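Inside the fold
The residues making up each chain are set out below.
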Amino acid sequence: MAELSGKSVYITGGASGIGRAVVEEFVKEGAFVTVLDRSAEGLKELEQQFGEKVRTITGDVTIYEDHQRAVETAVEAFGKLDVLISNAGVFDAFAKFVNVTPEAMSEAYDILFSINVKGSFFAAKAAVEELKRTRGNIIFTLSGASFYPDGGGVWYTASKHAQLGLLRQLAFELAPDVRVNAVAPGGTLTALSVIAPLRPFVNIVDNETKAKSIKTRNPLKIVMASEDHVGAYLLLASDKARAITGEVISSDGGLVVRGLS
Ligand SMILES: NC(=O)c1ccc[n+]([C@@H]2O[C@H](COP(=O)([O-])OP(=O)(O)OC[C@H]3O[C@@H](n4cnc5c(N)ncnc54)[C@H](O)[C@@H]3O)[C@@H](O)[C@H]2O)c1
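All of the points below concern the structure found in this document. (Residues numbered from 1 in each chain as written. Predicted model: local features only at pLDDT ≥ 70, side-chain atom pairs only at ≥ 80, totals over all residues. Heavy atoms only, no water.)

1. Points about the pattern of salt bridges
The full count for this structure, using the stated rule, is twelve salt bridges. R20 serves as the salt-bridge partner of E24, at 3.6 Å between the closest nitrogen and oxygen. Residue E24 and its partner R20 are both found in helix 1 (residues 17-28); the two are separated by four residues, about one turn of the helix. The salt bridge involving K28 is made with E25; its shortest N-O contact spans 3.2 Å. (Salt bridge = Lys/Arg side-chain N within 4 Å of Asp/Glu carboxyl O. Helix = DSSP H or I, 4+ residues; strand = E, 2+ residues; numbered from the N terminus.)

This is the structure we're talking about:
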């Protein structure tokens, strides 16, 4: 039987990259998926590809009401909510703290923390009552930057550490009703966008350069693609993980093996 047969899943940032690969895998495994994303175009593609198996909401993770709409949509369409995946995120492209002006620093902080951190608070808050009803689970998309330096600049690294704190405290508070876990991908070839205030301070690299850098930095020497991470999400979402909460699966080509932890 399919691993997620009949499960109702709400994911943010599912129109592209890692989130999109998760949507594809989860639908294949029998789930019904509600996707919130700010890319109307990406959402349209999902609708065309998956038809009745998906519902889409064009919205912004920094707006609480958009999460409420998404949760309501999932419950109306599929009768319940079993899994929340808070995945939408943006990047600082390794902008160097000392080079950035105070104004840009402040603006970057507000934008990046609103999306990466507040977006996860909002998603969890909007979904928690429905998840309690199903004894469901939450999965956050963290990063190697939740544990190590040099997975981004200070904005991204601090935001991904903050999400780790959110995960741990929520896993504590929501037990025994809701499991709370995360996947921490390493550098992956996606279109992860760089926030506007930091663009003047960074070099936006092409995919070939990015692929080389990803390969050099992880011990398994893998150029990771979004699809490489879906197995970790699948395990955490499924009933096979009923004893797992407060955990992070690192899907990063073995960053810990570098001995930097
Ligand atoms: N690509 C990497 O190297 C990498 C590594 C580790 C962790 N991650 C994390 O993976 C997650 C997904 O990123 P990705 O690499 O797949 O990038 P991506 O840009 O391909 O996907 C992110 C999706 O989130 C959406 N999004 C962004 N801001 C939004 C907002 N305010 N409201 C609604 N939707 C919004 C985008 O439209 C996009 O569809 C992020 O949390 C990111 O931090 C990425």
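2. Observations regarding the site of the ligand
Not every one of the 26 residues close to the ligand is listed here, only the nearest: S16, D37, N87, Y156 and T190. Within the backbone of R38, an N or O atom sits 3.2 Å from a nitrogen atom of the ligand. A distance of 2.7 Å is found between an oxygen atom of the ligand and a backbone nitrogen or oxygen belonging to T188. Here the ligand, which alone exposes 820 Å², has 94% of that area covered by the protein. Taken together, the elements giving at least two residues each to the shell around the ligand come down to helix 1 and helix 5 (154-174). When its residues are assigned to classes, the shell around the ligand shows ten nonpolar, twelve polar and four charged. (Near = heavy atom within 4 Å. Polar contact = N/O pair within 3.5 Å; in protein donor to acceptor, adjacent residues only side chain to side chain. Areas by Shrake-Rupley, 256 points an atom, 1.4 Å probe, with all protein chains shown as cover. Nonpolar A, V, L, I, M, F, W, Y, C, P; charged D, E, K, R; others polar.)

3. Overview of helix 5
Between its first and last C-alpha atoms helix 5 spans 30 Å; for 21 residues at 1.5 Å apiece the expected length is 30 Å, and the two agree. For helix 5, the complete set of buried residues consists of W155, Y156, T157, S159, K160, Q163, L164, L166, L167, L170, A171 and L174. Contact partners of the buried residues in helix 5: helix 4 (102-134), strand 5 (137-141), strand 6 (179-185) and strand 7 (248-251). (Expected span 1.5 Å × (residues − 1). Buried < 20%, exposed > 50% of the residue type's maximum accessible area, 1.4 Å probe, protein only. Contact = heavy atoms within 4.5 Å.)

4. Considering the sheet that holds strand 7
The strands that make up a sheet are held in pairs by hydrogen bonds between backbone atoms, and each pair lies either parallel or antiparallel. Ordered in space as 3-2-1-4-5-6-7, the seven strands form an open sheet in which the pairing is parallel. Both edges of this open sheet fall to strand 3 (54-58) and strand 7, since each of them pairs with a single strand only. Neighbour to neighbour, the strand axes of the sheet diverge by 15° on average, direction disregarded. Looking at chain direction, strand 2 (residues 32-37) and strand 3 are connected through five bridges and run parallel. What sits directly across from V33, in strand 3, is V54. (Pairing = 2+ DSSP bridges. Axes fitted to C-alpha atoms, helices over the stretch in contact; angles between N-to-C directions.)

5. What to know about the pairing of strand 4 (residues 83-86)
Walk down a regular strand and you will see the side chains alternate between the two sheet faces. Going residue by residue along strand 4, you find V83 and I85 tucked away on one face and L84 and S86 tucked away on the opposite face as well. Judged from the three bridges that link them, strand 1 (residues 8-12) and strand 4 form a sheet pairing that is parallel. By the bridge assignment for strand 4, V9 is matched with V83. Taken together, the four bridges between strand 4 and strand 5 define a ladder with parallel strand orientation. Within strand 5, the position partnered with L84 by the bridge is I138. Taken together, strand 4, helix 4 and strand 5 constitute a β-α-β crossover, and its handedness is right-handed. (Right-handed = clockwise from strand over helix to strand, strands pointing away.)

6. Here we look at the packing of helix 4 against helix 5
Running from N to C, helix 4 and helix 5 point in directions that differ by 20°, and their axes come no closer than 10 Å. Comparing the axis directions of helix 4 and helix 5 gives the class roughly parallel. You can see that helix 4 and helix 5 cross each other, and the crossing is right-handed. Here M105, A108, Y109, L112, F113, N116, V117, S120, F121, A124 and V128 of helix 4 come into contact with helix 5, specifically with W155, Y156, A158, S159, K160, A162, Q163, L166, L170 and L174. Class assignment for the residues of the contact of helix 4 with helix 5 results in 16 nonpolar, four polar and one charged. (Parallel < 35°, antiparallel > 145°, perpendicular 65-115°, else oblique. Left-handed = near helix turned anticlockwise from the far one by under 90°.)

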